[in-house]
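One-letter residues, chain by chain:
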Amino acid sequence: MKTVIRGLAALALAVILSGIGLLLVARAALAPQPDEWQVRLGSGRWAQPASVPTLLRWATHPLAQPRLDGRRLRGWTLHARPDGGLEAHCAPCRFRLAALGQAAVELPQATLVLHARGADRYDGLLRLGAPARSIDIPWRGEMGAAGLRLHAELAPTPLVDLVALFGDAVPEASTARIEGRVGLALDARLGAQGLQLTALKPAFEGLRVDGLGTERLRDADAGARCRPQPAGGRIEGWIQNAVIAAEDARFFEHPGYELEQWVAAGKANQSRPEALQGASTITQQLAKLLYTGDERSAARKLREFLYALEMERTLGKGRILQLYLAVLPWGDGICGAEAAARHHLGKPANQLKPREAAWLASLLVNPDEQLRRWSSDEAAGRARAAAVLKGIRRLPRERREAELDALAQWQPPVGRSLLATTPAKLTSAAP
């Protein structure tokens, strides 16, 4: 949307203005006010800053719209509408949203409709997908100095229709039975920093997924993917609680996803795109490890979501947790909690003390990097382990305090020897 608005403005300037006199007048009229959203027009010595609010007013003027009809702008084709609005169409389309990180959202086609309603007010429609099965998102906005303040709402829409937007990028759509509806209301600002969410309220109704085959994991030996794997059977003890504290504190309370965490992660990603947050639950991370891989794309996250919905129903929390503990990559080429406990701490997983389990769970965000850092910044490593230890819910207060005191001087038995090893990367494959 940002690309279309900026492009419309620049194109309108070119088709409306002609002659040196008009150009000089335009240069003065386009000069941005302090703190106003601006772009640079032209190149080299002719480049100058221009006010986006002014350009957009010109682009939506009745004199400009007929001249814009049929022109192409960075993959979008423009059309003047009989009702006085402008329409931009792309097929295929690529969108970049800061809330989703650097990876572009790719869709087969989309249409953006824009109407000027006077006094810097606009409204329109964003239509995603082919007309026969499109998703329509009405929007309205008001232009201010810093950008366009937007409000948009998606009425409750079948989830299967949203999945269909991604075409072949979500191959599960051809076999899965997808039920339920998704709605959305959002407020955002479109300006020099792109589209920035200010409020987001998703709503789900009756979601259910069948046909992905996750029920086969009930009796599968997921640990086989981690061979050589020591015989350990069911993974018990404090390591279960520590991993939940580190990865997904509300694991036993949510349905496989957390809307509040999605909203928080989307807002955080806008200001720190280099440290992209995904807000994945343990169930979603298991889907990533077993089925979808870790490509950073909206289609891959949607696939992960579909698998998580089905696994919560077919497997249940206990089996999901056991599978997750069995396949987690834990640094130094180690896979699974049992192997990690024996390799890193020299004992079976069910014999770990709370502080040992907390330290092991604290490695899970980039384990190889955390292990390498241990010798150079033990204080940071202990702080991460202490945070996990404090989050273990079933640990009595007196025991927690004793474990925190012990952690201050505790050393992993084999931790330092790991720093000299060359980390091996775990390759995941579907079971």
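So, a few notes on the structure that sits alongside this text. Worth saying up front: this structure is predicted, and the values here are computed from it rather than measured.

1. Here's the deal with the side chain of glutamate 310
Part 1 of the reasoning: Inspection of the secondary structure puts glutamate 310 in helix H9 (residues 298-314).
Part 2 of the reasoning: For the buried residue glutamate 310, which engages in no salt bridge, the nearest side chain bearing the opposite charge is arginine 313, 4.2 Å off.
Part 3 of the reasoning: Contacts of glutamate 310, omitting those with residues within four sequence positions, involve Val209, Asp210, Gly211, Leu212, Gly213, Thr214 and Glu215.

2. Describing the packing of helix H8 (residues 282-292) against H9
Part 1 of the reasoning: At a minimum axis separation of 8 Å, H8 and H9 run at an interaxial angle of 110°. Relative to H9, the element H8 is oriented roughly perpendicular. Seen along the crossing, H8 lies across H9 with a hand that is right-handed. Along its contact with H8, which presents Thr283, Gln284, Leu286, Ala287, Lys288, Tyr291 and Thr292, the element H9 presents Arg300, Arg303, Glu304, Tyr307, Ala308, Met311 and Glu312.
Part 2 of the reasoning: Tallied by class, the residues present in the contact of H8 with H9 amount to six nonpolar, three polar and five charged.

3. Observations regarding helix H14 (residues 378-391)
Part 1 of the reasoning: A rise of 1.5 Å per residue sets the reference length of H14, with its 14 residues, at 20 Å; its end C-alpha atoms lie 20 Å apart and thus fit the reference within 8%.
Part 2 of the reasoning: For H14, the full list of buried residues reads Glu378, Gly381, Arg382, Ala385, Ala386, Val388 and Leu389. Burial along H14 is one-sided: seen end-on, the buried residues are contained in an arc of 160°. Facing away from the buried side of H14 by over 90 degrees, the exposed positions are Ala379 and Lys390.

4. Side note on the state of the cysteines
Part 1 of the reasoning: Evaluated as defined, the whole model comprises one disulfide.
Part 2 of the reasoning: Disulfide pairing places cysteine 90 opposite cysteine 93 at an S-S distance of 1.8 Å. Its S-S torsion of approximately 115° makes the covalent link between cysteine 90 and cysteine 93 right-handed.
Part 3 of the reasoning: Since its relative accessible area comes to 1%, cysteine 90 is described here as buried.
Part 4 of the reasoning: Among the residues examined, cysteine 93 registers a relative accessible area of 2% and is labelled buried.

5. Concerning H8
Part 1 of the reasoning: In terms of burial, H8 is a largely internal element, 10 of the 11 residues being buried.
Part 2 of the reasoning: Of the residues making up H8, those classed as buried are Ile282, Thr283, Gln284, Gln285, Leu286, Ala287, Leu289, Leu290, Tyr291 and Thr292.
Part 3 of the reasoning: Within two residues after H8, glycine 293 carries a phi angle of roughly 75°, on the positive side.

6. Things to note about the pairing of strand S4 (residues 76-80)
Part 1 of the reasoning: Looking at chain direction, strand S3 (residues 72-73) and S4 are connected through two bridges and run antiparallel. From the neighbouring strand, arginine 72 faces S4, where its bridge partner is threonine 77.
Part 2 of the reasoning: If you look at the hairpin formed by S3 and S4, you'll find two residues sitting between the two strands, and arginine 74 has a positive phi there, around 50°.
Part 3 of the reasoning: Taken together, the four bridges between S4 and strand S5 (residues 86-90) define a ladder with antiparallel strand orientation. Note on S5: the bridge partner recorded for leucine 78 is alanine 88.
Part 4 of the reasoning: Between S4 and S5, which follow one another and run antiparallel, lie five residues, and glycine 84 among them has a positive phi close to 95°.

7. What about the pairing of strand S13 (residues 194-210)?
Part 1 of the reasoning: Where strand S12 (residues 177-191) meets S13, 14 bridges bridge the pair, whose relative direction is antiparallel. When the bridges of S13 are listed, isoleucine 178 appears paired with valine 209.
Part 2 of the reasoning: Hairpin connection of S12 to S13: two residues between the antiparallel strands.

8. With respect to the packing of aromatic side chains
Part 1 of the reasoning: This structure, assessed with the given rule, holds six aromatic pairs.
Part 2 of the reasoning: Ring geometry for tyrosine 257 and phenylalanine 305: centres 5.3 Å apart, planes at 75°, overall edge-to-face. Remark: phenylalanine 305 occurs in helix H9 and tyrosine 257 occurs in the loop between helix H6 (238-247) and helix H7 (259-271); sequence separation between them is 48 residues.
Part 3 of the reasoning: Between the aromatic rings of tyrosine 291 and tyrosine 307, the centroid separation amounts to 4.2 Å while the plane-to-plane angle is 5°, which identifies the pairing as stacked. Of the two residues, tyrosine 291 is situated in helix H8 and tyrosine 307 in helix H9; the sequence distance between them amounts to 16 residues.
Part 4 of the reasoning: Residue classification places tyrosine 307 among the buried positions, given a relative accessible area of 8%.
Part 5 of the reasoning: The rings of Phe204, Tyr257 and Phe305 are connected pair by pair, giving a single aromatic cluster.
Part 6 of the reasoning: For lysine 317, the ring lying beneath its charged end belongs to phenylalanine 251, and the centroid distance is 4.7 Å.

9. Some points on the environment of alanine 383
Part 1 of the reasoning: Counting through the fold element by element, alanine 383 comes out in helix H14.
Part 2 of the reasoning: Residue alanine 383 is classed as partly exposed on the basis of its relative accessible area, which comes to 46%.

10. Concerning the sheet that holds S3
Part 1 of the reasoning: Spatial ordering of the open sheet is given by S3-S4-S5-S8-S9-S10-S11-S12-S13, a layout of nine strands whose pairing is antiparallel. Strands at the two margins of the open sheet, each flanked by one partner only, are S3 and S13.
Part 2 of the reasoning: Judged from the seven bridges that link them, strand S8 (residues 110-116) and strand S9 (residues 121-128) form a sheet pairing that is antiparallel. Across the sheet, residue alanine 116 finds its bridge partner in S9, namely tyrosine 122.
Part 3 of the reasoning: Contacts from helix H3 (residues 52-59) reach S5, S8, S9 and strand S10 (135-144), with the element oriented near 125° to S10.
Part 4 of the reasoning: The strands touched by H9 within the sheet are S12 and S13, with S13 carrying the most contacts at an inclination of about 40°.

11. A look at the pattern of salt bridges
Part 1 of the reasoning: Counted under the stated rule, the structure contains 28 salt bridges.
Part 2 of the reasoning: Residues arginine 94 and glutamate 106 are paired through a salt bridge, measuring 2.4 Å at the closest nitrogen-oxygen approach. Placement of the pair is arginine 94 in strand S6 (residues 93-95) and glutamate 106 in strand S7 (residues 105-107), with a sequence separation of 12 residues.
Part 3 of the reasoning: The residue arginine 127 makes a salt bridge to aspartate 136 at a minimum N-O spacing of 2.8 Å.
Part 4 of the reasoning: Arginine 127 gets classed as partly exposed once you look at its relative accessible area, which sits at 33%.
Part 5 of the reasoning: With relative accessibility at 31%, the residue aspartate 136 sits in the partly exposed group.
Part 6 of the reasoning: One network of salt bridges, with partners in common, ties together Arg250, Glu253, Glu258 and Arg393.

Thresholds, definitions, all that
- Residues numbered from 1 in each chain as written.
- Predicted model: local features only at pLDDT ≥ 70, side-chain atom pairs only at ≥ 80, totals over all residues.
- Heavy atoms only, no water.
- Helix = DSSP H or I, 4+ residues; strand = E, 2+ residues; numbered from the N terminus.
- Buried < 20%, exposed > 50% of the residue type's maximum accessible area, 1.4 Å probe, protein only.
- Lys, Arg positive; Asp, Glu negative; His and termini not counted.
- Salt bridge = Lys/Arg side-chain N within 4 Å of Asp/Glu carboxyl O.
- Contact = heavy atoms within 4.5 Å.
- Axes fitted to C-alpha atoms, helices over the stretch in contact; angles between N-to-C directions.
- Parallel < 35°, antiparallel > 145°, perpendicular 65-115°, else oblique.
- Left-handed = near helix turned anticlockwise from the far one by under 90°.
- Nonpolar A, V, L, I, M, F, W, Y, C, P; charged D, E, K, R; others polar.
- Expected span 1.5 Å × (residues − 1).
- Arc of directions from axis to C-beta.
- Disulfide = S-S within 2.5 Å.
- Pairing = 2+ DSSP bridges.
- Phe/Tyr/Trp six-rings, centres within 6.5 Å; stacked < 30°, edge-to-face > 60°.
- Lys NZ or Arg CZ within 6 Å of the ring centre and 35° of its normal.

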